[in-house]
Amino acid sequence: MAAPIKTCFYVTNGNYFRTKRIARIWGHFILRPHSVRVRFAPSPTGMLHLGGLRTALYNYLFAKSQKGTFILRIEDTDQTRLVPGAMDKLEGILSWTGLVPDEGPRQGGSYGPYIQSQRLAIYQENIQKLLQNKTAYPCFCTPKRLELLRRDAVRRGETPKYDNRCRHLTSDEVTERLEKKLLHVVRFKLEHTTDTWEDLVKGPSSHDVANIEGDPVLMKSDGFPTYHFANVVDDHLMKVTHVLRGDEWQPSTMKHILLYRAFDWSPPHFAHLPLIVNKDGTKLSKRQGDLHVENIKNRGYFPEAVLNLVTKIGGGFDMDGTNGMGLDELTQKFSIEKVKSSHGRLDMQTLDDANLEHLRIKVNGAERSLIIDQLRELVSTAYSERLGDASITDHILSSQYIGSILDWAVSEKRIIKTNDLLDSKFSFLWTTPQEQDIADLKNSPVSVPDLLHGCITTLDTVRDFDIGHVTQSLRSLIKDEKLKMNTCMHCLRKSLSGLQQGPPVAEMMTIIGKKNTIQRLKHTMDVLTKS
Ligand code: GLU
């Protein structure tokens, strides 16, 4: 009989390999068992605000700077607070900012489902472990009893907390109540602790949570877990290595660590990002509409500028300013040790500065034609009826014209966002003035048709249509006609744009160009002489 072939297998994370070397390479490069895994775990209870975006961004930057994995997990176990459509919007906003998860509800992944309401069986299975090792217990207290406890505490001027009564039920009492199918929750036996954890942002931290709270609920009577329980179970099962979250969660961390201990699991590292306050140090309200990322997006800001604004709040970079940087550069420059531990002030002015900087980069760089196309779209929609005849429309909507307008607006800092160019003060760029805006020129102390006639003739002869030459020719015309400079400039600005105020007349003329200028002046002249 032939001898059996001797085969040696090595095992790495459940995979079998013929040699130790292949197993090691697979384990290191393919499975990366120790690689960084972080998660952004929002509750879909409304629009994403800047604080939430900051948490998502720092998780993303930390993951990417460590060549790790960025997970999106939807924490929707509080079914009473769900807002329909909020999850889709949240994913949409994340992808707008470029913070695309590696694993999540849309992307999938090996540790799903990534929506907590789809993981109820997992929580049920895990709560049994804590019931069995007696670190958790069923609690049969009725909402009425809990309300009485609460009122008593308030009357005594104390912070309401559960008195842990059901912790002391005998096992017979528990069995009897369970057999009667009494409605119950599962609570965690919260022990006093003086332990500390090393927070990556705040340094050594501790919190004897049992001093303040009674035993917390882990499982509600409707079979849904509470935030604390689901969060710990999922972070463990999803192999999360670092929890980066807002400062407001710091008081919960020791409770989470005690839960890990009850399971005999090792906790992840924690980093609590600084609290965000208004520029003047006052408390930020999540209801402030201008803090919702979607509103900022709808106002026409670039995602990069919003990210720059957010990075200004809490540090994390060597340099003071991150304006002009995109996600890749932010990732390269980010380091968790540089995140500030003190409150971060939100200064919305920096959003404008950052946006203009990105607009400048885009207009002068690879995205120039994209921005031109976007502006063309905006202008043709906003002014569809009023652009003028075909030859003028072609000119106004040409890439060359739109590009020159952008160059001027950006270099002269006339705008912050592309869509600012649709503001009525810039209507002169796109359309002839409305009759009602120029009607009062008939009451001018000068004869405007004569002035316009003279201007048209003079400007027609200007070969280099730049500010210097245009100014010079207008000045000599007005001087020769012995007219008042201010009155004439006012009439010309109105004739050209219908506006009382705006850039200097010669600047206006050179921005819109010679042909356009002459056409506008002729149009106004016609309107004034016709009526
Ligand atoms: N669901 C929690 C939130 O809405 C997550 C907190 C955490 O990151 O642990 O912010």
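Here is a short report on the structure shown in this document. (Residues numbered from 1 in each chain as written. Predicted model: local features only at pLDDT ≥ 70, side-chain atom pairs only at ≥ 80, totals over all residues. Heavy atoms only, no water.)

Some points on the packing of helix α18 (residues 467-480) against helix α20 (residues 505-512)
The relative placement of two packed helices comes down to the angle between their axes together with the axis-to-axis distance.
Part 1 of the argument: Put simply, α18 and α20 touch, their axes get as near as 9 Å, and they point 130° apart. Here α18 lies oblique to α20, going by the angle between them. The way α18 lies across α20 gives a crossing that is right-handed. The residues of α20 that touch α18, namely those facing I467, V470, T471 and L474, are V505, A506, E507, M509 and T510.
Part 2 of the argument: Split into classes, the residues belonging to the contact of α18 with α20 amount to six nonpolar, two polar and one charged. (Axes fitted to C-alpha atoms, helices over the stretch in contact; angles between N-to-C directions. Helix = DSSP H or I, 4+ residues; strand = E, 2+ residues; numbered from the N terminus. Parallel < 35°, antiparallel > 145°, perpendicular 65-115°, else oblique. Left-handed = near helix turned anticlockwise from the far one by under 90°. Contact = heavy atoms within 4.5 Å. Nonpolar A, V, L, I, M, F, W, Y, C, P; charged D, E, K, R; others polar.)

Re the site of the ligand
Part 1 of the argument: Taken together, R39, A41, S43, E75, Y227, N231, R245 and W249 make up all the residues around the ligand.
Part 2 of the argument: A distance of 2.7 Å separates a nitrogen atom of the ligand from a polar side-chain atom of E75.
Part 3 of the argument: Within the side chain of R245, a nitrogen or oxygen atom sits 2.8 Å from an oxygen atom of the ligand.
Part 4 of the argument: When grouped by side-chain class, the residues that make up the shell around the ligand number three nonpolar, two polar and three charged. (Near = heavy atom within 4 Å. Polar contact = N/O pair within 3.5 Å; in protein donor to acceptor, adjacent residues only side chain to side chain.)

What to know about the environment of L291
Part 1 of the argument: As for its position among the elements, L291 is in the loop between β12 (276-278) and α9 (293-298).
Part 2 of the argument: Assessed through its relative accessible area of 4%, L291 is described here as buried.
Part 3 of the argument: For the pair formed by L291 and Q519, sequence separation is 228 residues and the distance between their alpha carbons is 45 Å. (Buried < 20%, exposed > 50% of the residue type's maximum accessible area, 1.4 Å probe, protein only.)

Let's talk about the sheet that holds strand β9 (residues 217-219)
In a beta sheet, neighbouring strands pair by backbone hydrogen bonds and run either parallel or antiparallel.
Part 1 of the argument: In space, the three strands of this open sheet follow the order β5-β6-β9, with antiparallel pairing throughout. The strands lining the two open edges of the sheet, one partner per strand, are β5 (136-139) and β9. When strand polarity is set aside, the average angle formed by the axes of neighbouring strands in this sheet is 45°.
Part 2 of the argument: In this sheet, β9 lies alongside strand β6 (residues 185-188) in antiparallel orientation, the contact comprising two bridges. Paired with V186 across the two strands is M219, which belongs to β9. (Pairing = 2+ DSSP bridges.)

Topic: the pattern of salt bridges
Part 1 of the argument: On inspection of all chains with the given rule, the structure shows 30 salt bridges.
Part 2 of the argument: Close ionic contact of E91 with R106 constitutes a salt bridge, the shortest N to O distance being 3.1 Å. Taken together, the positions of E91 in helix α3 (residues 86-97) and R106 in the loop between α3 and α4 (120-132) put the pair 15 residues apart, joining distant regions of the chain.
Part 3 of the argument: Taking relative accessible area as the criterion, E91 reaches 7% and is therefore assigned buried.
Part 4 of the argument: Among the ionic pairs, R360 bridges to E357, the shortest N-O distance being 2.8 Å. Of this pair, R360 and E357 both sit in helix α12 (residues 349-363), three residues apart, roughly one helical turn.
Part 5 of the argument: What you see here is one network of salt bridges that share partners, running through R39, R73, E75, R119, D234 and D235. (Salt bridge = Lys/Arg side-chain N within 4 Å of Asp/Glu carboxyl O.)

Brief notes about the packing of aromatic side chains
Aromatic ring pairs are defined here through the distance separating the ring centres and the angle between the ring planes.
Part 1 of the argument: Counted according to the given criterion, the structure contains eight aromatic pairs.
Part 2 of the argument: Taking the centre distance of 5.8 Å and the plane angle of 65° together, the rings of F317 and F334 count as edge-to-face. Residue F317 is located in the loop between α10 (303-314) and α11 (327-333), and its partner F334 is located in the loop between α11 and β13 (344-346); the two are separated by 17 residues in the primary sequence.
Part 3 of the argument: For F334, a relative accessible area of 6% puts it in the buried group.
Part 4 of the argument: A centroid spacing of 6.0 Å and a plane angle of 85° characterise the contact between W408 and F426, whose relative ring orientation is edge-to-face. With W408 in helix α15 (residues 399-411) and F426 in the loop between α15 and α16 (435-438), this residue pair connects regions lying 18 residues apart in the sequence. For the pair formed by W408 and F426, the shared burial category is buried.
Part 5 of the argument: Three or more aromatic residues link up through ring pairs in this structure, and these residues are Y58, F317 and F334.
Part 6 of the argument: Its end group placed over the ring of Y162, R187 keeps NZ or CZ at 3.6 Å from the ring centre.
Part 7 of the argument: Positioned above the aromatic ring of F302, the side-chain terminus of K362 is 4.6 Å from the ring centre. (Phe/Tyr/Trp six-rings, centres within 6.5 Å; stacked < 30°, edge-to-face > 60°. Lys NZ or Arg CZ within 6 Å of the ring centre and 35° of its normal.)

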